[in-house]
Amino acid sequence: MNTKETRFMQLIGDNKGILFKICRIYLDDADDRDDLLQEMILQLWKGFDSFKGESKFSSWMYRVALNTAIVFFKKQKRRPDSEQLPLNFEQPEEQSNSGEKEEQLALFYKAVQELNKVEKALIFLYMENQSHDEIAANLGITSINVRVRLNRIKNRLKDIIKKLSHEH
């Protein structure tokens, strides 16, 4: 592997949790999550030369990965087999949690599935402890718009979770 590939793999490895969380927020099916993960890594690789280090790698990664997730299913669903990654990327296992916590997390992710693509991006960045200003910069909206939308999304998620809890 050359140094560019080595550096890319190191940065992806250091930030892989971001990719797993985005996949889980956008998709329920494990195979679809795998497809999206591969597509995000492909898009990150294709855009890697444009990363100049003026921001943190994770900030750049958020933008590319979220944009990829948002447009992923607008295109005809496909596997990224037509373009091969220039390296062998082994997918590390997601971390598993204990029983009750995992159930609560599964319920939360199921509720998030009912949000639209932009709402999912907003809640993801909020969960990543990004400030309203950082979220606004990543999504190209105002900080005030972020605050208003997040309040609406949180209330909507509470309602969805209540509804899902009563279904079980």
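Because the structure is predicted, anything quoted here is derived from the model rather than measured.

Cut-off values and rules
- Residues numbered from 1 in each chain as written.
- Predicted model: local features only at pLDDT ≥ 70, side-chain atom pairs only at ≥ 80, totals over all residues.
- Heavy atoms only, no water.
- Helix = DSSP H or I, 4+ residues; strand = E, 2+ residues; numbered from the N terminus.
- Buried < 20%, exposed > 50% of the residue type's maximum accessible area, 1.4 Å probe, protein only.
- Contact = heavy atoms within 4.5 Å.
- Areas by Shrake-Rupley, 256 points an atom, 1.4 Å probe, with all protein chains shown as cover.
- Phe/Tyr/Trp six-rings, centres within 6.5 Å; stacked < 30°, edge-to-face > 60°.
- Salt bridge = Lys/Arg side-chain N within 4 Å of Asp/Glu carboxyl O.
- Patch = residues over 30% accessible without salt bridge, like charges linked within 9 Å, V, L, I, M, F, W, Y side chains within 5 Å.
- Lys, Arg positive; Asp, Glu negative; His and termini not counted.
- Charge placed at Lys NZ, Arg CZ, Asp CG, Glu CD.
- Expected span 1.5 Å × (residues − 1).
- Axes fitted to C-alpha atoms, helices over the stretch in contact; angles between N-to-C directions.
- Parallel < 35°, antiparallel > 145°, perpendicular 65-115°, else oblique.
- Left-handed = near helix turned anticlockwise from the far one by under 90°.
- Nonpolar A, V, L, I, M, F, W, Y, C, P; charged D, E, K, R; others polar.
- pLDDT = per-residue confidence, 0-100.
- Core = buried A, V, L, I, M, F, W, Y, C linked by side-chain atoms within 4.5 Å.

K.L.:
I'm lost on the overall build of the protein in this one. Help?
P.N.:
Helix and strand counts for the protein come out as eight helices and zero strands. Secondary structure elements in the protein, listed N-terminal to C-terminal, are α-α-α-α-α-α-α-α. The buried share of the protein, reckoned over its 168 residues, is 42%. For the protein, the proportion of contacts with a sequence separation of at least 24, taken over those separated by at least 6, is 73%. If you sum the accessible surface of the protein, you get close to 10100 Å²; carbon and sulfur atoms cover 46% of it.

K.L.:
Looking at this structure, I do not really get the packing of aromatic side chains. What am I missing?
P.N.:
Here a ring pair, both rings aromatic, is described through the centre-centre distance and the interplanar angle of the planes. Throughout the structure, instances matching the rule amount to 10 aromatic pairs. Here the aromatic rings of Phe8 and Trp45 are separated by 5.0 Å at their centres, their planes lie at 70 degrees, and the arrangement is edge-to-face. Residue Phe8 is found in helix α1 (residues 3-14), and its partner Trp45 is found in helix α3 (residues 30-47); the two are separated by 37 residues along the sequence. Assigned by exposure class, Phe8 and Trp45 land together as buried. For the pair Phe8 and Phe48, a centre-to-centre distance of 5.1 Å together with 70 degrees between the ring planes defines the contact as edge-to-face.

K.L.:
Whenever I open this one, the pattern of salt bridges confuses me. Can you help?
P.N.:
Pairing is possible between side chains that carry opposite charge, provided their charged atoms lie close to one another. Within the structure shown, the criterion is met by four salt bridges. Of the charged contacts, one joins Asp49 and Lys4 as a salt bridge, the two residues approaching to 2.9 Å between their closest N and O atoms. Remark: Lys4 occurs in helix α1 and Asp49 occurs in the loop between α3 and α4 (57-72); sequence separation between them is 45 residues. The partly exposed category is assigned to Lys4, whose relative accessible area is 30%. A salt bridge links Glu119 to Arg156; its shortest N-O distance comes to 2.8 Å. Of this pair, Glu119 sits in helix α6 (residues 117-127) while Arg156 sits in helix α8 (residues 143-167); the two residues are 37 residues apart in sequence, bridging distant segments of the chain. You can call Glu119 buried: its relative accessible area is 19%. Overall, Arg156 belongs to the partly exposed group, its relative accessible area being 34%.

K.L.:
What's the story with unusual backbone geometry in this structure? I'm lost.
P.N.:
Residues apart from glycine generally show negative phi values, whereas peptide bonds are mostly found in trans. Even without a glycine there, the phi angle at Asn129 is positive, about 65 degrees. Note on Asn129: relative accessible area 67%, which makes it exposed.

K.L.:
What exactly am I supposed to notice about a negative patch on the surface here?
P.N.:
There is a patch of like negative charges on the surface, built from Asp28, Asp29, Asp31 and Asp34. Considering the arrangement of structural elements, one finds Asp28 in the loop between α2 (16-26) and α3.

K.L.:
How do you make sense of α4 when you look at a structure like this?
P.N.:
Turn by turn, an α-helix covers 3.6 residues, leaving residues three or four places apart pointing in a common direction. Counted at 1.5 Å a residue, the expected span for α4 with its 16 residues is 22 Å, and the 22 Å between its end C-alpha atoms agrees. With 13 of 16 residues buried, α4 lies mostly within the body of the structure.

K.L.:
Which parts of the structure should I look at to understand the packing of α6 against helix α7 (residues 132-139)?
P.N.:
Contact geometry of α6 with α7 gives a least axis separation of 10 Å together with a crossing angle of 140 degrees. Taken together, the axes of α6 and α7 are oblique relative to one another. Viewed along their axes, α6 and α7 form a crossing whose handedness is right-handed. Contacts from Ala121, Leu122, Leu125 and Tyr126 in α6 reach Ile135, Asn138 and Leu139 in α7. Considering only residue class, the contact of α6 with α7 consists of six nonpolar, one polar and no charged.

K.L.:
Looking at this structure, how should I read the confidence of the model for the protein?
P.N.:
Low pLDDT means the predicted coordinates in that region are not meant to be read closely. Counting all residues, the mean pLDDT for the protein is 81, and 82% of those residues have values of 70 or more. Below a pLDDT of 50 lies the segment residues 76-97, which in the model reaches 36 contacts outside its immediate sequence neighbourhood of four places, other chains included.

K.L.:
I keep staring at the nonpolar core and nothing clicks. Help me out?
P.N.:
Proteins that are soluble and globular tend to have nonpolar side chains buried together. If you look at the biggest cluster of nonpolar residues, it comprises 48 residues, and the most contacted ones within it are Leu19, Ile22 and Tyr26. Looking at this core, the elements with two or more residues in it are α1, α2, α3, α4, α5 (99-112), α6, α7 and α8. Per element, the largest residue contribution to this core is 10 residues, and it comes from α4. If we skip the residues at most four places from it in the chain, Ile22 touches Met40, Ala65, Leu66, Ala69 and Phe124.

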